[in-house]
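So the chains spell out like this:
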Amino acid sequence: MASLRTNLDKAVFDVLNVAAVHTAAPGGVFNMVAPNGTKPPYVVFQAVSKVDEYSFAARFAQALYQVKAVSRSPWPKEAADIDDDIDTAMQNAVLVITGYTLLYVRRESDFYLMEDVGGMIWHNIGGTYRIVADET
Amino acid sequence: MAGWDAEVSADLRGLEQFIQRAKPALQQVVKVAAFNVERHAKEIVHVDTGATRASIHTSVQDDGLAASIGPTTSYARALEFGTHNRQAYPFMRPALEQERQAFQAAIIAALKQAGASG
């Protein structure tokens, strides 16, 4: 049986693996890091933390995921626009998590990281989402 | 359609005294939580040279009712959020998350205690 982490990864990928995100970020959607040589722009998601919570007999799972757009354009607008598409897909998304009933998915914070790699500018723009689910 | 007005009022007498009663306990809660977050972050940060771990520090602000915890190295954000070709190694958000429930419970307890002693 797959772990909760694996099930969450799959659920988040499924929500991001939609036409709107692929159109905006044709490089693809990846977990943790994009393979070497992936043509930007692309989307990367990753678990930030997972904390199980107990309330009486019920078991709740709370997880934080970061989802970001990675772009190599001179200006951050491309990554910011993709981030908007990410948010449309993720905010209040209906995640299907094996063994759990989703309670909600909400964006809690934003981040922006610019890299200058030998004069080549990379933009990482994204957000951190809280996923709360109830064990069935 | 006839217009209508709604009025909302609150009697805040005693609120200032309540805040003053709760303040020492809330200051203690903030301080404990902040240093717990700092400790958690130092425990889980991805270590290469140890510079980022050593740079994580806490600054208590706003008369002890707020705190800022974080690293100062230039590449700490790249560790936390990842780069175009490196995965993220989050350490500040998980540290905060680990303390979140205890912090909320401690705040509620401090406010209840201040209310009970009024």
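Above this note sits the structure.
Computed from a predicted model, the values in this text were never measured in an experiment.

A. Summary view of the interface of chain B and chain A. Each partner contributes to the interface: chain B provides 17 residues, whereas chain A provides 22 residues. Taken together, the two surfaces of chain B and chain A that pack against each other cover about 1,700 Å², and 52% of this comes from carbon and sulfur. Per-residue buried area on chain B facing chain A is highest for H84(B), R93(B) and E97(B); these three make up 38% of the total on that side. In this assembly, chain B and chain A are joined by 12 residue pairs in polar contact (both at pLDDT 80 or more). Secondary structure elements with two or more residues in the side of chain B that touches chain A: α3 (76-81) and α4 (92-116) of chain B. Of all the elements, α4(B) adds the most residues to the side of chain B that touches chain A, at five residues. Grouping the amino acids of the side of chain B that touches chain A by side-chain chemistry returns five nonpolar, six polar and six charged.

B. Structural context of the packing of helix α1 (residues 15-44) of chain B against α4(B). All names here are of chain B. Closest axis-to-axis distance for the α1/α4 pair is 9 Å, and the angle between their directions is 165 degrees. Of the possible angle classes, the one that applies to α1 and α4 is roughly antiparallel. Between α1 and α4 the crossing geometry is right-handed. In the contact of α1 with α4, the residues fall into 20 nonpolar, four polar and two charged.

What counts and what doesn't
- Residue positions are counted from 1 within each chain, in the order its sequence is given.
- Numbering of ligands from 1 and lettering of chains from A proceed in the order in which they are written.
- Per-residue local features are limited, in this predicted model, to residues with pLDDT of at least 70; the limit for side-chain atom pairs, both in listing and counting, is 80 or more; totals at the level of whole chains, interfaces and linings are taken over all residues.
- Each side-chain value is derived from all of the structure's non-hydrogen atoms; neither hydrogens nor water enter the calculation.
- Pairs of residues are marked as contacts when any of their non-hydrogen atoms sit within 4.5 Å.
- Buried area is calculated as the accessible area (1.4 Å probe) missing from two parts once they are joined, with the contributions of both summed.
- Pairing of N or O atoms within 3.5 Å defines a polar contact, subject to two protein rules: one partner must be a possible hydrogen donor and the other a possible acceptor, and residues neighboring in sequence count only if both atoms are side-chain atoms.
- For helices the rule is a DSSP run of H or I covering at least 4 residues; for strands it is a run of E covering at least 2, with both sets numbered from the N terminus onward.
- Each residue is assigned to one class: nonpolar for Ala, Val, Leu, Ile, Met, Phe, Trp, Tyr, Cys and Pro, charged for Asp, Glu, Lys and Arg, and polar for all the others, Gly among them.
- Throughout, an axis means a line fitted to C-alpha atoms (over the contacting stretch in the case of helices), and angles, computed between N-to-C directions, take values from 0 to 180 degrees.
- Put simply, angles under 35 degrees are roughly parallel, angles over 145 are roughly antiparallel, angles from 65 to 115 are roughly perpendicular, and the rest are oblique.
- Definitions for this section: a left-handed crossing has its near helix turned counterclockwise from the far helix by less than a right angle. A right-handed crossing has that turn clockwise.

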